[in-house]
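# Structural overview for review
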Amino acid sequence: MIVVFLAGCSSIQSALHPTGVEAERVATLFWIMTIGGTLIMVLVIVAAALAIYGGRLRASLSSERFVMAMGLAFPVVVLTALLIYGFALMRAGEPQQTNPDGLRVEIAGELWWWRVTYVTPDGRRVNAANELHLPVGQPVEIALTSTNVIHSFWAPQLAGKLDMIPGRTNTLTVTATEEGISRGQCAEYCGGAHALMAFHLVAQSPEDFSAWLEAEASAAAQPQTDLASEGQTLFAQTGCGACHTVRGTGARGTIGPDLTHVGSRHSLAAATLPNTAQAFARWIDDNQHIKPDNKMPSYEILSERQIDALATYLEGLQ
């Protein structure tokens, strides 16, 4: 029964499957506390049973010596040891190890999506959204802030939570330990679409990450079909470029997510929808029902053909 229950904790957003140095420390502390708490609970149950059915042992359990030892000394010793071990394990009080020549990622919490900017050691800035890529084995400094309300950045398999506060930058240094895809979430209630503010975390080998970053920094791909070309024209004519950037085109808006390579991401609308042409079409036509109170209007005035063209163009932005 317990095994079946724990199987539900093995998803891509589970803190019980750590793939980062900080998350491994959290998981270790969790298991120690869980196992220790279980043993203490068993001890209490046994003591309670003996107090009820123990016959002559009942007198021993009610003695002042036993009460002082198990009711006072034991909790003090156990909790003190756990506190000291927790401080040592989590490196409390130690400055975070940073690499001044390493990668820095700036993440801003929006309503309700993630603005992600990669800053390379040479000062180059690469804009993306709703997805975090990291090189395995390298410490990365993540600078967290918000442009509106308080959010909280939480990638359970990578590290613990850290608040994103307007007017303040909180820094988290993380190190991914294995390649793979996991999921993160805003962990602070931030408004109507809070539950739909998530992201994918992609940990890659340093070589794959470098290749990905170069591709992400490049201009948008040109349409490959007539329908996609029609969609590109519609994108400009309907004013999408006033809110979104597509590098290499006239679209330079900064209100919404950068869409230069939106077709290569693992999801749409901050992990709300799969990344398919059908999902793009649904989002363009009826996004307020999919993600209530988001800042993008629904384009119900567009015909089905026009929506398909826009969706095909966006899907092709690899």
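Residues numbered from 1 in each chain as written. Predicted model: local features only at pLDDT ≥ 70, side-chain atom pairs only at ≥ 80, totals over all residues. Heavy atoms only, no water.

### Observations regarding the overall build of the protein
Convention followed: Helix and strand labels come from DSSP, where a helix needs a run of H or I of at least four residues and a strand needs a run of E of at least two; each type is numbered from the N terminus. Radius of gyration here uses only the C-alpha atoms, and the compact-globule reference equals 2.2 Å multiplied by the residue count raised to the power 0.38. The contact criterion used is simple: two residues touch if any of their non-hydrogen atoms lie within 4.5 Å. The charged-residue count follows a simple rule in which Lys and Arg add positive charge and Asp and Glu add negative charge, with His and chain termini not counted at all. For charged residues, the charge sits on one atom: NZ in Lys, CZ in Arg, CG in Asp, CD in Glu.
Within the protein, the regular secondary structure consists of eight helices and ten strands. Against the compact-globule benchmark of 20 Å for 318 residues, the protein has a radius of gyration of 26 Å, which places it well outside the compact range. The dimensions of the protein, computed from C-alpha atoms along their principal axes, are 90 × 45 × 35 Å. Look at the contacts in the protein between residues 6 or more apart in sequence, and 61% of them connect residues 24 or more apart. Separation of charge centres in the protein, based on 19 positive and 28 negative side chains, amounts to 10 Å.

### Remarks on the side chain of Asp 258
Selection rule: By the criterion applied in these results, polar contacts are pairs of N or O atoms within 3.5 Å in which, for protein atoms, one can donate a hydrogen and the other can accept it, and in which residues neighboring in sequence qualify only through two side-chain atoms.
Mapped onto the secondary structure, Asp 258 falls in the loop between helix H6 (226–237) and helix H7 (277–290). Only 3.1 Å separates the side chain of Asp 258 from the side chain of Arg 247, close enough to count as a polar contact. Contact partners of Asp 258, with chain neighbours within four places excluded, come to Asn 127, Ala 129, Thr 245, Arg 247 and Arg 265.

### Comments concerning the environment of Leu 82
Counting through the fold element by element, Leu 82 comes out in helix H4 (residues 64–89). Between the alpha carbons of Leu 82 and Leu 29 there is a distance of 9.1 Å; along the sequence they are 53 residues apart. For Leu 82, the residues in contact, after removing those within four places along its chain, are Leu 29, Ile 32 and Met 33.

### Some remarks on the side chain of Asn 170
Defined as follows: Whether a residue is buried, partly exposed or exposed follows from its accessible area with a 1.4 Å probe, protein chains only, as a fraction of its type maximum: under 20%, in between, or over 50%, in that order.
Inspection of the secondary structure puts Asn 170 in strand E8 (residues 170–174). For Asn 170, a relative accessible area of 12% corresponds to the buried category. At 2.9 Å, the side chain of Asn 170 forms a polar contact with the backbone oxygen of Asp 163. A polar atom in the side chain of Asn 170 sits 2.7 Å from the side chain of Arg 168.

### A look at the sheet that holds strand E6 (residues 151–154)
The condition is simple: Following DSSP output, two strands are said to pair if at least two bridges run between them. The convention used is that axes are lines fitted to C-alpha atoms, helices contributing only their stretch in contact, and that angles between N-to-C directions extend from 0 to 180 degrees.
Ordered in space as E4-E10-E9-E6-E7, the five strands form an open sheet in which the pairing is mixed. Either end of the sheet is taken by a strand with one partner, and the two such strands are strand E4 (131–135) and strand E7 (162–164). In this sheet, neighbouring strand axes are inclined to one another by 25° on average, regardless of whether the strands run parallel or antiparallel. With two bridges joining them, E6 and strand E9 (residues 180–186) adopt antiparallel strand pairing. Counterpart to Phe 153 in the pairing with E9 is Cys 186. Where helix H5 (residues 206–217) meets the sheet, its contacts fall on E4 and strand E10 (198–204), and the angle it forms with E4 comes to roughly 135°.

### Some details on the packing of aromatic side chains
Formally: Pairing of aromatic side chains here covers Phe, Tyr and the six-membered ring of Trp, requires ring centres within 6.5 Å, and sorts the geometry by plane angle: under 30 degrees stacked, over 60 edge-to-face, intermediate tilted. Lysine NZ or arginine CZ positioned within 6 Å of the ring centre and within 35 degrees of the ring normal marks a charge as sitting over the ring.
If you walk through the whole model with that rule in mind, you get eight aromatic pairs. Ring geometry for Trp 114 versus Phe 153: centroids 6.1 Å apart, planes at 85°, classification edge-to-face. Taken together, the residues span a long stretch of sequence, with Trp 114 in strand E2 (residues 114–119) and Phe 153 in strand E6 at a distance of 39 residues. The two residues Trp 114 and Phe 153 agree in class, both being buried. With a centroid separation of 5.1 Å and 15° between ring planes, the pair formed by Phe 153 and Phe 199 is classed as stacked. One end of the pair, Phe 153, is in strand E6; the other, Phe 199, is in strand E10, with 46 residues separating them in the sequence. Phe 199 matches Phe 153 in its accessibility class, with the two residues each being buried. Lys 161 extends its terminal NZ or CZ atom over the ring of Trp 154, reaching a point 4.6 Å from the ring centre.

### Thoughts on a nonpolar patch on the surface
The cut-off we apply is this: A patch is a set of surface residues, each over 30% in relative accessible area and not in a salt bridge, joined within 9 Å for like charges and within 5 Å for the nonpolar side chains Val, Leu, Ile, Met, Phe, Trp and Tyr. Note on areas: Shrake-Rupley with a 1.4 Å probe; residue coverage comes only from the protein chains shown. What counts as a salt bridge is simple: a side-chain nitrogen of Lys or Arg found within 4 Å of a carboxyl oxygen of Asp or Glu.
Side chains of Phe 30, Trp 31, Ile 35 and Leu 39 sit close together on the surface and give an oily, nonpolar patch of about 400 Å² of accessible area. Take Ile 35: it is sitting in helix H2 (residues 21–53).

### With respect to H5
Note the threshold: Expected span of a helix: the number of residues minus one, times 1.5 Å. The directions considered for the arc are those from the helix axis to the C-beta atoms.
Its twelve residues place the ends of H5 16 Å apart at the C-alpha level, agreeing with the 16 Å of an ideal helix rising 1.5 Å per residue. Inspection of H5 places Phe 209, Trp 212, Leu 213 and Glu 216 among the buried residues, and these make up the whole buried set. Projection of H5 onto a plane perpendicular to its axis shows the buried side chains occupying an angular sector of 100°, all on one side.

### Focus: the packing of H7 against helix H8 (residues 304–315)
The line we're drawing: Oblique is the label for every angle not falling under 35 degrees (roughly parallel), over 145 degrees (roughly antiparallel), or within 65 to 115 degrees (roughly perpendicular). Crossings are classed by handedness, with left-handed meaning an anticlockwise turn of the near helix from the far one by less than a right angle and right-handed meaning a clockwise turn. When residue character is reported, Ala, Val, Leu, Ile, Met, Phe, Trp, Tyr, Cys and Pro are called nonpolar, Asp, Glu, Lys and Arg charged, and the others, Gly included, polar.
At a minimum axis separation of 8 Å, H7 and H8 run at an interaxial angle of 125°. On the basis of the axis angle, H7 is oblique to H8. As for how H7 packs across H8, the hand of that crossing is right-handed. Contacts between H7 and H8 involve Ala 277, Phe 280, Ala 281, Ile 284 and Asp 285 from the former and Ile 307, Asp 308, Leu 310, Ala 311, Leu 314 and Glu 315 from the latter. Looking at side-chain class alone, the contact of H7 with H8 contains eight nonpolar, no polar and three charged residues.

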